[in-house]
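A look at the structure
One letter stands for each residue in the lines below.
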Amino acid sequence: MFNKATIAAFGQRETPFFYYDLTLLQATLDRALAAAENYGFHVHYALKANFNERILQCIQKAGLGADCVSGNEVLKAVQTGFDVKKIVFAGVGKSDKEILIGLEHDIFCFNVESVQELEVIGKLAKEHGKVAKIALRINPNVDAQTHQYITTGLDENKFGIKTWELADCLEIIKKYDSLEFIGLHFHVGSQIVDLNVFKSLCVKVNEFNNWFDERGYRLKVLNVGGGLGVNYVDPDKEPIVDFAGYFEIFNQFLERKGNQEVHFELGRALVSQCGSLVSRVLYVKRGLKKHFLVLDAGMTELMRPALYQAYHKIEHLSTNAVKDAEGIKVTYDVVGPICESTDCFGKEVELPEVNRGDLIAIRTAGAYGEVMASRYNLRNEIRYVYDDEITP
Ligand SMILES: *Cc1c(COP(=O)(O)O)cnc(C)c1O
């Protein structure tokens, strides 16, 4: 991903910064949309993965919808120019104010996460003379086979409506003319690499689709969420995930009734590989048992390793790749400067011998990176660099 010219251009810049390869992003979007189009599937982008201005613009221009999880994300999507007819709003704790933002902009759909929320949306819509289009986010009790902190579709998780609450939902829907029931929504977790999980999801969606159909609700939309995982171990081997294989599973296992639409909400799979966190080595600390590379980036820039023990590939950016490849290797713990022991990007990482001032890239950082940055330790605001700023 990093050629000599890019690395040379990095040389003069203040670190740390996120480097975004918008060319790769565009190629990823093209591939995803082409694969989805084969089956007439609709793709939304989950803004929470990365709402960097230029990334959002690229995605909006490509014609994707927007999947939002806060009122501010809805506003951001509207401001960026996303078609309101393609904006959906999920989230387990929407405030009245946030619901009103959605109503005011006549968004495509509220993905409703509880019986209680359904009642509130019905009431608020009625008071404001609006009709809220809603989908029920059902918790299908499917194990996403991913890290426990990013699993969302089990009974024990806070997300979605439980199966036994669906009848109550129908009562509320009948009660309010201000609610238009248009679909079912599911999202079972993130960084799902075992595609069998999506097969299981399809089976569950079919069951629920039948259940509603038998009760006279032929729903317009089946929204199966996102969660498609990416290759963190070897990003260069798989810079773009196998969208064709992913969509094919839904085409094969999801039973659409009549002209039901199938909607997806992808975050990570669209933006993670286009981003890297570029950082400089401040100190090489030699210990008795191990050596430490102390970087000028930390958990304040990329929190995933500290938050859920996430693995990111760590790369030495050298203008002499041959020397790097052939020279001796040293094992380092790669850590940040923040006053927390969890501020560690990787343990026992094999790298070429590294010196103070060298550049390090932490790969696959485009999703859930910049958006989770914090000012803890009164750190600087995050900086970023785009590929078209450094390559003519
Ligand atoms: C986070 C989220 C997504 C996107 O998840 P990815 O794993 O990034 O694809 C989709 N839908 C909902 C409701 C979400 O909360």
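Just so we're clear, the structure is a prediction, and the values are computed from it rather than from any experiment.

Structural notes on helix α9 (residues 243–253)
It helps to recall that an α-helix has 3.6 residues per turn; residues three or four apart then point in one direction. Looking only at α9, the buried set comprises Phe243, Tyr246, Phe247, Ile249 and Phe250. For α9, the angular spread of the buried residues around the axis is 145°, confining them to a single face. Of the surrounding secondary structure, the elements contacted by the buried residues of α9 are α2 (22–37), β2 (42–46), α8 (196–214), β9 (261–266) and α10 (268–271).

Description of the UniProt feature "binding site: substrate" (unreviewed entry) in the protein chain
Those residues carrying the UniProt feature "binding site: substrate" (unreviewed entry) are Arg268, Arg304, Tyr308, Glu340 and Tyr368 in this numbering. Of the residues just listed, which span 101 residues, the most distant C-alpha pair is 26.5 Å apart, and they do not cluster in one region. Within the annotated group, the residues that form the lining of the largest pocket are Arg268, Tyr308 and Tyr368. With respect to the helices and strands, Arg304 occurs in helix α11 (residues 304–308). Setting aside its immediate chain neighbours within four residues, Arg304 contacts Tyr232, Arg268, Gln309, Ala310, His312, Ala367 and Tyr368. Counting through the fold element by element, Tyr308 comes out in helix α11.

Section: the side chain of Ser190
Locating Ser190 in the fold gives a position in the loop between β7 (179–185) and α8. A relative accessible area of 11% places Ser190 in the buried class. Separated by 2.8 Å, the side chains of Ser190 and Arg268 make a polar contact.

Structural notes on the domain arrangement of the protein chain
As assigned here, the protein chain comprises domain 1 (4–17 + 273–389) and domain 2 (22–272). With centres defined by C-alpha atoms, the gap from domain 1 to domain 2 works out at 33 Å. In this complex, domain 1 contributes 24 residues to the contact, which on the side of domain 2 involves 26 residues. Summed over the three residues of domain 1 that lose the most area to domain 2, namely Gln273, Cys274 and Tyr368, the buried surface amounts to 29% of that side. On inspection of domain 1 and its partner domain 2, the count reaches 2 salt bridges. Between Asp236 and Arg363 there is a salt bridge, with its nearest N and O atoms 3.0 Å apart. The tally of links between domain 1 and domain 2 comes to 16 residue pairs in polar contact (both at pLDDT 80 or more). Mapped by element, the contributors of at least two residues to the side of domain 1 that touches domain 2 are α11, β16 (384–386) and α13 (387–390). Here the residues of the side of domain 1 that touches domain 2 are counted per class, giving 10 nonpolar, 7 polar and 7 charged.

About the criteria used
Here the residue index of a chain counts from 1 through its sequence in written order. With the structure being a predicted model, the display of local features is reserved for residues of pLDDT at least 70 and the display and counting of side-chain atom pairs for 80 or more, all residues being used for whole-chain, interface and lining totals. Side-chain descriptors were evaluated using all non-hydrogen atoms of the structure, hydrogens and water having been removed beforehand. Summary of the burial criterion: residues with accessible area below 20% of their type's maximum are buried, those above 50% are exposed, and those between are partly exposed, where the area comes from a 1.4 Å probe applied to protein chains only. The secondary structure listing takes helices from DSSP runs of H or I that are at least 4 residues long and strands from runs of E that are at least 2 residues long, numbered from the N terminus. Of all possible arcs, the one meant is that of the directions from the helix axis to the C-beta atoms. Here, two residues are considered to be in contact whenever any of their heavy atoms come within 4.5 Å of each other. UniProt positions are given in the numbering used here, feature names are shortened, and annotations may be inferred rather than shown by experiment. In the cavity and pocket records, a cavity denotes points on a 1 Å grid over the protein atoms alone where a 1.4 Å probe fits but cannot get out, a pocket denotes an open set with protein on both sides within 12 Å along at least 5 of 7 lines, and lining residues are residues with an atom within 4 Å of a point. In the analysis that follows, any N or O atom pair within 3.5 Å is treated as a polar contact, provided that within protein one partner can donate a hydrogen and the other can accept it, and provided that, for residues neighboring in sequence, both atoms belong to side chains. All the domain ranges listed were derived from an automatic or database domain assignment. The term buried area denotes the loss of accessible surface (1.4 Å probe radius) that occurs when two parts are joined, taken as the sum for both partners. By convention in these notes, a salt bridge is any Lys or Arg side-chain nitrogen within 4 Å of a carboxyl oxygen on Asp or Glu. Gly is placed with the polar residues, together with every amino acid not listed as nonpolar (Ala, Val, Leu, Ile, Met, Phe, Trp, Tyr, Cys and Pro) or charged (Asp, Glu, Lys and Arg).

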